[in-house]
Amino acid sequence: MSTATAQRLPVREGEDLWTSAELSEVRGRLQAETGELTAEIATAESQIAERINDAAEGAGDDQADAGAKTFEREQAMALTYNARDLLAQNERAIIRIDQGTYGVCESCGQAIGKARLQAFPRATLCVRCKQREERR
């Protein structure tokens, strides 16, 4: 990231401007997590496929076994869904960095805050808007 790009990103009052090193670090964390999530999703999808095959083969299982297999499959699917959601959030944050819109609250248009983004790089809302959203 260039210094000019980093310094154009919004910060809250009292915060220092982004440096290219800080922005590169955040981008690197997002990219590393993206790779981990992609691998996690691939593994989970493979396990789900195995569980579906097990369910077909275990047609004579008793109700408890069938219920346990169904529960495990649904749990794996929920975890995969959550991982896909995090993956999409990471990819979106990287796009926002590349477009120069990283750090702008999607609700009010104000700065999210450099400290908040360093702690939670996927944030798309400032603290005030996030609190308002959670109260709904």
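Computed from a prediction, not measured in an experiment: that's the story for all the values here. (Residues numbered from 1 in each chain as written. Predicted model: local features only at pLDDT ≥ 70, side-chain atom pairs only at ≥ 80, totals over all residues. Heavy atoms only, no water.)

Peer 1: Looking at this structure, how should I read the pattern of salt bridges?
Peer 2: For side chains of opposite charge, pairing can occur when their charged atoms come near one another. A complete count under the given rule lists 7 salt bridges for this structure. For glutamate 33, the salt bridge goes to arginine 122, with nearest N and O atoms at 2.6 Å. Note that glutamate 33 is positioned in helix 2 (residues 20-57) and arginine 122 in the loop between helix 4 (114-119) and helix 5 (127-135), a separation of 89 residues in sequence. One salt bridge in this structure joins arginine 92 and glutamate 106, with 2.4 Å as the shortest N-O distance. Within this pair, whereas arginine 92 is found in helix 3 (residues 63-99), its partner glutamate 106 is found in the loop between helix 3 and helix 4, the two being separated by 14 residues in sequence. Glutamate 106 sits in the partly exposed class, given a relative accessible area of 39%. Three or more residues joined by partner-sharing salt bridges are found here, namely Arg92, Arg96 and Glu106. (Salt bridge = Lys/Arg side-chain N within 4 Å of Asp/Glu carboxyl O. Helix = DSSP H or I, 4+ residues; strand = E, 2+ residues; numbered from the N terminus. Buried < 20%, exposed > 50% of the residue type's maximum accessible area, 1.4 Å probe, protein only.)

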